[in-house]
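Chain and residue survey
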Protein chains: 2
Amino acid sequence: MALDERKLEVLRAIVEDYVATQEPVGSKALVERHNLRVSPATVRNDMAVLEDEGYIRQPHTSAGRVPTDAGYRLFVDKLSRIKPLSQAERRAIERFLIGAVDLDDVVHRTVRLLAQLTRQVAVVQYPSLSRASVRHFELVPISTTRLMVVMIAETGRVEQRLVDLPGPILADDVTELRRRINEKLVGKRLVDTPPLVQALVEESGPALRPPMAALSTVLLETLVERTEERIALAGTANLARGGLLDFQGSLRPILEALEEEVILLKLFGEVEPSMTRVRIGDENEIEDLRGTSIVATGYGPGSIVVGGMGVLGPTRMDYPGNIATVRAVARYVGDMLAQS
Amino acid sequence: MALDERKLEVLRAIVEDYVATQEPVGSKALVERHNLRVSPATVRNDMAVLEDEGYIRQPHTSAGRVPTDAGYRLFVDKLSRIKPLSQAERRAIERFLIGAVDLDDVVHRTVRLLAQLTRQVAVVQYPSLSRASVRHFELVPISTTRLMVVMIAETGRVEQRLVDLPGPILADDVTELRRRINEKLVGKRLVDTPPLVQALVEESGPALRPPMAALSTVLLETLVERTEERIALAGTANLARGGLLDFQGSLRPILEALEEEVILLKLFGEVEPSMTRVRIGDENEIEDLRGTSIVATGYGPGSIVVGGMGVLGPTRMDYPGNIATVRAVARYVGDMLAQS
DNA sequence: GACTGGCACTCACTACGCGGGAGTGCCAGT
DNA sequence: ACTGGCACTCCCGCGTAGTGAGTGCCAGTC
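Not measured: the values here are computed from a predicted model.

Let us now look at the overall build of chain A. The helix and strand inventory of chain A stands at 12 helices and 10 strands. Once the C-alpha set of chain A is aligned to its principal axes, its extents read approximately 90 × 40 × 35 Å. A buried classification covers 40% of the 340 residues belonging to chain A. Restricting the contact set of chain A to residue pairs at least 6 apart, pairs at least 24 apart contribute 62%.

Residues and elements named next belong to chain B. Sheet architecture is open: 5 strands sit in the order β7-β3-β10-β9-β8, paired in antiparallel fashion. Bordering the open sheet on either side are β7 (231-234) and β8 (276-280), each of which pairs with just one other strand. Shown here is a sheet whose adjacent strand axes are inclined to one another by a mean of 15 degrees, direction ignored. Helix-sheet contacts for helix α6 (residues 103-118) involve β3 (121-125), β7 and β10 (307-314), and the interaxial angle to β3 is about 155 degrees. Where helix α12 (residues 319-339) meets the sheet, it contacts β8, β9 (292-299) and β10, and its direction lies at approximately 25 degrees from that of β9.

What follows concerns the interface of chain B and chain A. Counting residues at the interface gives 22 residues for chain B, matched by 22 residues for chain A. Mapped onto the side of chain B that touches chain A, the elements with two or more residues apiece are β4 (134-143), β5 (146-153), β6 (158-164) and α10 (252-259) of chain B. Of the residues that constitute the side of chain B that touches chain A, the class distribution is 11 nonpolar, 5 polar and 6 charged.

It is worth spelling out the pairing of β6(B) at this point. Residues and elements named next belong to chain B. Across 7 bridges, β5 lies against β6 in antiparallel orientation. Of the residues in β6, the one forming a bridge with L147 is V163. Taking the residues between adjacent antiparallel strands as the criterion, β5 and β6 are bridged by 4 residues, where G156 takes a positive phi near 100 degrees.

This part covers the protein's contact with DNA strand D. Residues in close proximity to DNA strand D total 21 residues, the closest being G26(A), V38(B), T42(B), T61(B) and S62(B). Taken together, the elements giving at least two residues each to the surface near DNA strand D come down to α2 (27-33) and α3 (40-52) of chain A together with α3 (40-52) of chain B. Here the surface near DNA strand D takes 4 residues from α3(A), the largest share from any one element. Within the surface near DNA strand D, the residues separate by chemical class into 8 nonpolar, 10 polar and 3 charged.

This part is about the protein's contact with DNA strand C. Near DNA strand C lie 20 residues; those nearest to it are V38(A), H60(A), T61(A), S62(A) and G26(B). Of all elements in the fold, only α3 of chain A together with α2 (27-33) and α3 of chain B reach the threshold of two or more residues within the surface near DNA strand C. Residue contributions to the surface near DNA strand C peak at 4 residues, all from α3(B). Class assignment for the residues of the surface near DNA strand C results in 7 nonpolar, 10 polar and 3 charged.

So, on to the relation of the copies chain B and chain A. In the superposition of chain B on chain A (RMSD 0.1 Å, axial shift 0.1 Å), the rotation amounts to 180 degrees. Expressed as an axis order, the relation between the two copies is that of a two-fold axis. In this assembly the copies share their binding face: 91% of the residues contributing to the interface of chain B also contribute to that of chain A.

This part takes up the sheet that holds strand β10 (residues 307-314) of chain A. All names here are of chain A. What the 5 strands build is an open sheet, ordered β7-β3-β10-β9-β8; its pairing is antiparallel. Among the strands making up the open sheet, the edge pair consists of β7 (231-234) and β8 (276-280). Going from strand to strand, the sheet's axes swing by 15 degrees on average, the running direction of each strand aside. With 4 bridges connecting them, strand β3 (residues 121-125) and β10 associate as antiparallel partners. Of the residues in β10, the one forming a bridge with V123 is G310. The sheet contacts of helix α12 (residues 319-339) involve β8, β9 (292-299) and β10, and relative to β9 the element is tilted by about 25 degrees.

The next point concerns helix α11 (residues 261-269) of chain B. Residues and elements named next belong to chain B. Residues L264, L267 and F268 constitute the buried set of α11. Burial along α11 is one-sided: seen end-on, the buried residues are contained in an arc of 80 degrees. In α11, the exposed positions angled more than 90 degrees off the buried face are occupied by V262 and K266. Where α11 is buried, its residues contact β3, β7, α10, β9 and β10.

Residues and elements named next belong to chain B. Interaxial distance between α6 and α12 falls to 10 Å at its minimum, and their mutual angle equals 160 degrees. The angle between α6 and α12 places the two elements in the roughly antiparallel class. Judged by the sense of rotation from one axis to the other, the crossing of α6 with α12 is right-handed. Mapping the contact onto sequence places V106, T110, L113, L114, L117 and T118 in α6 and N322, T325, V326, V329, V333 and M336 in α12.

In terms of nonpolar packing, the biggest core is built from 173 residues, with L114(A), V123(A), L114(B) and V123(B) touching the most fellow members. With sequence-adjacent residues up to four places away left out, L114(A) is seen in contact with A122(A), M309(A), V311(A), V326(A) and V329(A).

Time to look at the confidence of the model for chain A. Per-residue pLDDT for chain A has a mean of 87; in total, 95% of the residues score no lower than 70. Across chain A, the element-wise mean pLDDT spans from 79 in strand β6 (residues 158-164) of chain A up to 96 in β3(A).

Attention now goes to the environment of A240(B). Mapped onto the elements, A240(B) comes out in the loop between β7 and α10. Sequence spacing of A240(B) and L251(B) is 11 residues, and the spatial spacing of their C-alpha atoms is 7.6 Å. Those residues in contact with A240(B), other than ones at most four positions away along the chain, are S250(A), L251(A), R252(A), L255(A) and L251(B).

Here the focus is the environment of S293(A). Residues and elements named next belong to chain A. Relative to the helices and strands, S293 resides in strand β9. By the C-beta count within 10 Å, which is 26 here, S293 ends up buried. With residues near it in sequence (within four places) discarded, S293 still touches V278, R279, I280, G281, G313, T315 and M317.

Turning to unusual backbone geometry, a few remarks are in order. In this model, R119(A) sits at a positive phi of 55 degrees, which is unusual for a non-glycine residue. The residue R119(A) is located in the loop between α6 (103-118) and β3 in this model.

All names here are of chain B. Here Q339 is to be found in helix α12. Taking the number of C-beta atoms within 10 Å as the measure of exposure, Q339 has 7 and is therefore exposed. Put simply, Q339 and V158 are 181 residues apart on the chain and 17 Å apart in space, counted from C-alpha to C-alpha.

About the criteria used
- Residues numbered from 1 in each chain as written.
- Chains lettered and ligands numbered in written order.
- Predicted model: local features only at pLDDT ≥ 70, side-chain atom pairs only at ≥ 80, totals over all residues.
- Helix = DSSP H or I, 4+ residues; strand = E, 2+ residues; numbered from the N terminus.
- Buried ≥ 20, exposed ≤ 12 C-beta atoms within 10 Å, placed from the backbone.
- Contact = placed C-beta atoms within 7 Å.
- Pairing = 2+ DSSP bridges.
- Axes fitted to C-alpha atoms, helices over the stretch in contact; angles between N-to-C directions.
- Nonpolar A, V, L, I, M, F, W, Y, C, P; charged D, E, K, R; others polar.
- Near = placed C-beta within 6 Å.
- Least-squares fit on C-alpha atoms with pLDDT ≥ 70 in both.
- Arc of directions from axis to C-beta.
- Parallel < 35°, antiparallel > 145°, perpendicular 65-115°, else oblique.
- Left-handed = near helix turned anticlockwise from the far one by under 90°.
- Core = buried A, V, L, I, M, F, W, Y, C linked by C-beta atoms within 7 Å.
- pLDDT = per-residue confidence, 0-100.

What follows is the structure, encoded as C-alpha cells:
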C-alpha cells in the first residue's frame, strides 16, 4: 500500500516527538502536539499501516509507537528538511576554530566543537596523508650515518622518520639528495609517489645510490604504505547522557568499538566528496554499533577531500540538526585548510 | 584502640574478598575462605571495632561489610605486599612494546597495554618537552620569508612550527642561524632555554637580528611556554564493565573528566621520581573523580622523569596487582627510552 | 469511501504484603 | 579472650491487585 501524504506526516510527527521526548508516542498526544486535522482514531489507523510497512513498532501492546530504523531512514531521506544553523551556532563555530595555532590544534578544536554542538560523540580524521600532496621534503643530518626525513604536506601535516644509512655521508651529498627528492616529489599526491621513489633510486649515480636506497625504503614503508591514519575523538561522555535508556544498558561494546581506530577509520574515513552519509542502526556493518547512528562527511580545501569527520549517537538523534552541524563545521574547516 | 594483628588480618581479608566478589562480605564467609583460626563471632567483634575506627562500613544493617576509603588506604599502605608479575605478564609487556616504530607508537602501545593488563582506564603522558633536553634544531626554508623550525628532543619527540619572517632571507643566513641556535641550545633542557634564546637575539649582528627575533618569539611561545603536554588514553570501556555497580550508576561525570586533558595532566603528570602514588576515592581533588582510585607513577630514561603514566578505576580495584603492573610497564618504557 | 466516537481489551508500571535468608549484636558460658 | 546460641533487622524476590495509557475494532456519519 502506498503511503499517502498524511501518513508520512504522521511518521514525521512520530519521529520528531520520539526524538524530543524519548518516549513512545501515542495517537492522542500526536494530534494534540501537531496540528494534524484529524481524530486520534484516524491516526491510529494510519499508524497500523505504518507498522505493517515496518516504519514504526510498538515496544509492547498498548504502548505508543517508536520509529524503526527503516522509519528513521525514510525520515532522513524524504521527510526532513535541513535545519539551517542559528546565528549563534555559526558564531560559536567561528569563535571556536579561530586562533588554532597548528594542524593538531585545528583537529582538536574541531572535534570538541562538534561534540559540544551536537551533544554526541564526535570523530575527526586527521587530514589523510595519502590523499594530500607534498609541499616539501627536508633531510636533517643527525649524525654521519643518520638522517631525519621530514615531510610537510599541503594540509600542514608534518611527518618525520629516522633513517639509518649504510655508511657515512657528506654534507654535500645530503644537499644533493634533498634537491633530487624535492624536484621529483613536490606537488605530487603521496599516493602517487611509489613509482617516483623507485625511479629516484635507479637514476642515482653509484655514490648516492646506497643512501638513496635506504631513504626510499623508509619513504615507501612509513610514509606511503603505512599511511598511518589518525583519529581524534571527543564527547564520549554524551553516550552516558540518556540515562542508559539508549543503548539498552551497556555502553561497553560501544566504548570498545570507539577505541579501535580501524573501525573509526572505516566509518568516518570512507567518505565521498561533498557527500554527507547517514548510517542508521542496523545499516551499520560493525556488530557492536548497531543501535547507533552515524553522520559522516568529508572535508578538505575546496572540493578535495582529505579526511572525514562526523558524529555518532543513538538512533534516536536529531538527524536534521546533526547533519546541518556536521556539514557546516566540515565546510568551515575546509576553508581554513584552503587558506593556509 | 590499637588494631592488633588479627584485626588487620580481617581487614585484609575483607578487602581482598570484596575486590574479588564485589559483594559485601560477612563474618561466616570470611572464616571459611581465609583460614583465620577463630569463630565467626570473634570476627564479628573485630569487625565492629574496625567499623568504629572507620575502616569498613555496612551498606545497611544486616548486610556484610565493605571497606571504606580509609580501609583501602590502610590496606595499600600496610597490608598489601606487592604482587610480583607472572612470567606471562612480563612476556606480554615485552611482546607488546617491542617493535614500536616511533615515539607515538610507543606511547600508543603502552597505554593500550596498561589498559589490557589492568582492565582499567589507562593514561600515559607523552614525554614532557619541558623536562627533556634538546638533541637538534633544524630550520627548513619553506619560502623566502617562511621557515619551518623542527626540534628533536632526546626522547625522540619531534615538534615543528612555521615562522613568518619580517623579510626575505638568504640561504647562507639560514645556515648561520641554524648553526648558532644549535650551538647554544643542544643538550640543554627545554625548561632552561628561555634566557639562552634571549641571548641569541642580543648577540646577533644587524643582518640576522630581525629573523632571529621572529624565531625567538616562536620558540619561546610555542616550544617553551606553551609546552603543550599531551596525553594518551585507553580502556574507557572498562569503566562500563562492573555492570554499573561501581560508580553508582552514572559514568557521565567520569567520562567528562577524562576528556579534560588538564585534569589528566594534574593527576598523572605530577609525579615524583620513582614514586608510585595511589589516590583513593575521596582523596581525589577532582570532585567528579571521587569514587575512583588512581595509581600513577613517573617514567623516563634511567632515573630522570619525563612523564607520568597510570591507571584509573573503581576504588574497589586490585591495588597490589595494578601497582605492580604500572611499575613494571613504566620501568620497561623507561628502559626503551634510555636505549634509543 | 474516508473519517469519527465509543468501547472492550491489553499490558507495563507501581504499590503492597509476605516469607526467606543472610548477617548482625549481644550475652552467657567456657 | 574466645565461642555458641539466639533474637532481631532488613534486603530481596515474588505474587497480587489496581491504575492508566494506549490500542484495535466496529458501527455510525458525512
